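Spelled out from the first residue to the last, the chains are:
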Amino acid sequence: MRVPLPALLGGSALLLLLLRWRRRRALWRKVAEAQERQELSLVRMEAAARRFREQNPSVKAASILSLPLPELSRKLRDGSLPLDHVFYAYVGKALQIGIETNCITEFLQESETQLRRAKLMEKQGLLYGVPVSIKDSIDCQGHDSTLGFIKNLNKPAAEDSVVVQVLKRQGAIPFVKTNVPQSLISYDCKNLIFGQTRNPLMFTRTPGGSSGGEGALVGGGGSILGIGTDVGGSLRFPAAFCGICAIKPTGKRLSKRGVMAGVVGQKAVAAAVGPLAKDVESLALCLRALLSEDMFSLDSTVPPLPFNEEVQSLQRSLGRAALFSHGQHSATLPFNEEVYSSTKPLRIGYYETDFFTMPSPAMRRAVRETKQLLEEAGHTLVPFELTNVEYMMFNYCVRGMFSDGGRSFVRKFKGEMEKGGTELFFWLAKAPHWLKTLLSWISKPFVPRFSSIIRSMKENTVDEVWSLHWEIEDFCHQFIAQWKQLNLDVMLCPMLGPALGIGYPAKLSVAVSYTMLYNALDFPAGVVPVTLVTDEDEEQLKGYKGYYQDWWDRTLAKAFRGSVGMPVAVQCVALPWQEELCLRFMKEVETLTLKKNSFL
């Protein structure tokens, strides 16, 4: 008996729909289970914090939470502050911020066991007893590193990442993992599994990304130290949007072994692991602890460059004897002792705009006011002219990250139910070459930036990729030559801000130029909050048009609005491998700002 063709096709279509429905149902079940585990984590945190409060009613959590990290770590090491008092004070505060902002994905329950073991440690590291929060994409043994992908659920890491291992050897206690945007290729913080994370300073604003959970938790006071990653601003956006500090080191200064990447294998835009904290001294203490012999012994691809106390001379509070006792000054590479130990004023380059993304009025004012403070303090400020930022953005960064035409990026989303705010890149990556070429040609006269993005998303040959890498290297050498011709020590730069409204980063992928530049160059770059948005800034924003006056510029103006009282930061930049000098500059900016303002 022959089956009619329409019936056969109809039956096949029905079967495919049924299979798709079953598959999606299974995915939703995995999501629901992950959300239940997230909820259970918060319940366990609440139970642990309540149990400690009931057993220790006289402990004043507020006084513990008010201590800066250097002072807190001293008190923990000298025994004047019990470890469990600090740990459960932060568990309680993290719970509060987690509920308010949805920044915590998982409570690391073994942290309570580690707390008990820490009390028995003979050697007390620089971060002895310090609770530390960890970004989702950084491996912690026995826990998922999802990157916001359903397919990565129920695949716990076999071992800790190197950076987590070093933290533990230094006595730190990783206690929570925090939320990220799907794929990490976003400066918002939302995924289908754990949902949207909110800015602790204003819930209608994004905390930034991709280390957005870290920014929200540290910015809200629920963690005294966070560890994140940066490939385009992923540490600096959350820090700037949430009013805290962060530093993106040179790409290979800290180990990335056991750290999951959004785009695997690309070498054009350097990724880095780095810390977030309330102040610069805390960042310096963290780098001191991480840049130990342990980092090099666990990952020999990391240069044996210990933290240079002479450069970061502002961290005198710990004392040099304590540092020597923890092995921080062994196996160093040659360096210019005279430059690093000098206390003479700095020669600082600066610019107010990159002529690609027009700064908001508050951004421009932040640079101008910081420049004035630095000049009044005796430093020399030298104008620095940026050129070809548009070419850098599209040809080095977009083309560099998607040199395969976006194939590997598309593969990451196979089997997922959502594209997580990367719909434009996803659609362009899937488009055939002829369609990209046609769209780029048609749109060039009307929307030149869109045309450039399309053109940058084409698939490259091996020869073209090698040529691109050489071109980026040459660009870096030219930038350094301009820097040295002006005899600069460091650079003062704008930082995108204030925090954009939730959902806007997905529409404004082009607005990452101020941060992406220093990933392409692989320079250390940190952010320091220096001011708050004023009514005058808001009024001036009405005249914001942008340099291209296209849809992206109009959207960015809308994203900035309604931000009175939100923090605005500046970037502090140094040459490669000069993290200590970058921190010294950040500390100078922070100190001068604190003298002028009282909001920090």
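Worth saying up front: this structure is predicted, and the values here are computed from it rather than measured.

(A) Just the overall build of the chain, in detail. Within the chain, the secondary structure is distributed over 23 helices and 13 strands. Since a compact globule built from 600 residues should have a radius of gyration of about 25 Å, the 24 Å found for the chain is in line with a globular shape. Taking the principal axes of its C-alpha atoms as reference, the chain extends roughly 90 × 60 × 50 Å. Here the chain, with 600 residues, has 59% of them falling under the buried criterion. Once local pairs closer than 6 in sequence are excluded, the contacts in the chain between residues at least 24 apart make up 81%. Taken together, the 71 basic and 60 acidic charged side chains of the chain have centroids lying 7 Å from each other.

(B) Geometry of a positive patch on the surface. Positive charge collects at one region of the surface, where Lys-507, Arg-554, Lys-558 and Arg-561 lie side by side. By secondary structure assignment, the location of Lys-558 is in helix α22 (residues 551-560). Overall, the relative accessible area of 48% leaves Lys-558 in the partly exposed class.

(C) Inspection of the environment of Arg-236 at higher detail. By the secondary structure assignment, Arg-236 is in helix α8 (residues 236-242). You can call Arg-236 buried: its relative accessible area is 0%. Once the C-alpha coordinates of Arg-236 and Gly-215 are considered, the two residues, 21 residues apart in sequence, prove to be 9.1 Å apart. The contact partners of Arg-236, leaving out residues within four places of it in the chain, are Asp-230, Lys-248, Met-495, Thr-515, Tyr-518, Asn-519, Ala-525, Val-527 and Gln-571. A polar contact is formed between the side chain of Arg-236 and the backbone oxygen of Thr-515, at a distance of 3.1 Å.

(D) Geometry of the pairing of strand β8 (residues 272-277). With 6 of its 6 residues buried, β8 lies for the most part within the structure. A two-sided burial pattern is seen for β8, the buried positions comprising Ala-272, Gly-274 and Leu-276 on one face and Val-273, Pro-275 and Ala-277 on the other. With 5 bridges connecting them, strand β6 (residues 226-230) and β8 associate as antiparallel partners. From the neighbouring strand, Asp-230 faces β8, where its bridge partner is Ala-272. Both strand β7 (residues 245-248) and β8 contribute to a ladder of 2 bridges, which runs antiparallel. Counted as the bridge partner of Ala-246 is Leu-276 from β8.

(E) Region of interest: the side chain of Ser-456. Its location among the elements puts Ser-456 in helix α18 (residues 448-456). From its side chain, Ser-456 meets the backbone oxygen of Ser-452 in a polar contact 2.7 Å long. When sequence neighbours within four positions are dropped, the list of residues in contact with Ser-456 reads Phe-394, Asn-395, Val-398, Arg-399 and Phe-402.

(F) Spatial organisation of the packing of aromatic side chains. Going through the model one piece at a time under the given rule, you end up with 21 aromatic pairs. With centroids separated by 5.0 Å and ring planes inclined at 65 degrees, the aromatic side chains of Phe-409 and Phe-413 adopt a geometry described as edge-to-face. Side by side, Phe-409 and Phe-413 carry an identical accessibility label, which is buried. Among the aromatic side chains, those forming a connected cluster through ring pairs are Phe-384, Tyr-391, Tyr-396, Phe-475, Phe-479, Trp-483, Tyr-518 and Phe-523.

(G) Geometry of the packing of helix α17 (residues 433-443) against α18. α18 packs onto α17 with a crossing angle of 160 degrees between their chain directions and a minimal axis gap of 8 Å. Considering their axes alone, α17 and α18 lie roughly antiparallel with respect to each other. As for the relative orientation of α17 and α18, their crossing is left-handed in sense. Where α17 approaches α18, its residues Lys-436, Leu-439, Ser-440 and Ser-443 are matched on the opposing element by Pro-448, Phe-450, Ser-451, Ile-454 and Arg-455. Across the contact of α17 with α18, the residue classes tally to 4 nonpolar, 3 polar and 2 charged.

(H) Highlighting the sheet that holds strand β9 (residues 347-350). Pairing in this open sheet of 11 strands is mixed, and the strands run β1-β3-β2-β6-β8-β7-β12-β13-β11-β9-β10 from one edge to the other. The sheet is open, and its two borders are formed by β1 (104-107) and β10 (380-383), each paired with just one other strand. Each strand of the sheet is rotated relative to its neighbour by a mean of 30 degrees, with strand direction disregarded. Where helix α9 (residues 280-290) meets the sheet, it contacts β6, β7, β8 and β12 (525-532), and its direction lies at approximately 135 degrees from that of β8. Sitting on the sheet, helix α20 (residues 513-520) is in contact with β6, β7, β11 (490-494), β12 and β13 (567-573), with an inclination near 25 degrees to β13.

(I) Helix α5 (residues 110-118), seen in detail. The set of residues buried in α5 consists of Ser-111, Glu-112, Gln-114, Leu-115 and Ala-118. For α5, the angular spread of buried residues about the axis comes to 160 degrees, placing them on one side. Counted as exposed and oriented over 90 degrees from the buried face of α5: Arg-116 and Arg-117.

(J) Broad picture of the pattern of salt bridges. Overall, the coordinates contain 23 salt bridges when judged by the stated rule. Between Asp-553 and Arg-449 there is a salt bridge, with its nearest N and O atoms 3.1 Å apart. Taken together, the residues span a long stretch of sequence, with Asp-553 in helix α22 and Arg-449 in helix α18 at a distance of 104 residues. Here Asp-553 and Arg-449 have matching classes, each one buried.

(K) Main features of the pairing of β13. Across the 7 residues that make up β13, a large majority, 7, are buried. Covered by surrounding structure in β13 are Pro-567, Ala-569, Gln-571 and Val-573 together with Val-568, Val-570 and Cys-572, the residues of both alternating faces. As paired strands, β11 and β13 are joined by 4 bridges and run antiparallel to one another. When the bridges of β13 are listed, Pro-494 appears paired with Val-570.

(L) Structural view of unusual backbone geometry. For the peptide bond that leads from Gly-209 to Ser-210, omega is 15 degrees, which places it in the cis range. Secondary-structure assignment places Ser-210 in the loop between β5 (195-196) and α7 (212-219). Gly-497 connects to Pro-498 through a cis peptide bond whose omega is 5 degrees. Residues other than glycine seldom take positive phi values, yet Ser-183 does so here, at roughly 80 degrees. By the secondary structure assignment, Ser-183 is in the loop between β3 (173-178) and β4 (190-191). Its relative accessible area of 0% is what places Ser-183 among the buried residues.

Rules of the game
Residues numbered from 1 in each chain as written. Predicted model: local features only at pLDDT ≥ 70, side-chain atom pairs only at ≥ 80, totals over all residues. Heavy atoms only, no water. Helix = DSSP H or I, 4+ residues; strand = E, 2+ residues; numbered from the N terminus. Rg over C-alpha atoms; globule rule 2.2 N^0.38 Å. Buried < 20%, exposed > 50% of the residue type's maximum accessible area, 1.4 Å probe, protein only. Contact = heavy atoms within 4.5 Å. Lys, Arg positive; Asp, Glu negative; His and termini not counted. Charge placed at Lys NZ, Arg CZ, Asp CG, Glu CD. Patch = residues over 30% accessible without salt bridge, like charges linked within 9 Å, V, L, I, M, F, W, Y side chains within 5 Å. Areas by Shrake-Rupley, 256 points an atom, 1.4 Å probe, with all protein chains shown as cover. Salt bridge = Lys/Arg side-chain N within 4 Å of Asp/Glu carboxyl O. Polar contact = N/O pair within 3.5 Å; in protein donor to acceptor, adjacent residues only side chain to side chain. Pairing = 2+ DSSP bridges. Phe/Tyr/Trp six-rings, centres within 6.5 Å; stacked < 30°, edge-to-face > 60°. Axes fitted to C-alpha atoms, helices over the stretch in contact; angles between N-to-C directions. Parallel < 35°, antiparallel > 145°, perpendicular 65-115°, else oblique. Left-handed = near helix turned anticlockwise from the far one by under 90°. Nonpolar A, V, L, I, M, F, W, Y, C, P; charged D, E, K, R; others polar. Arc of directions from axis to C-beta.

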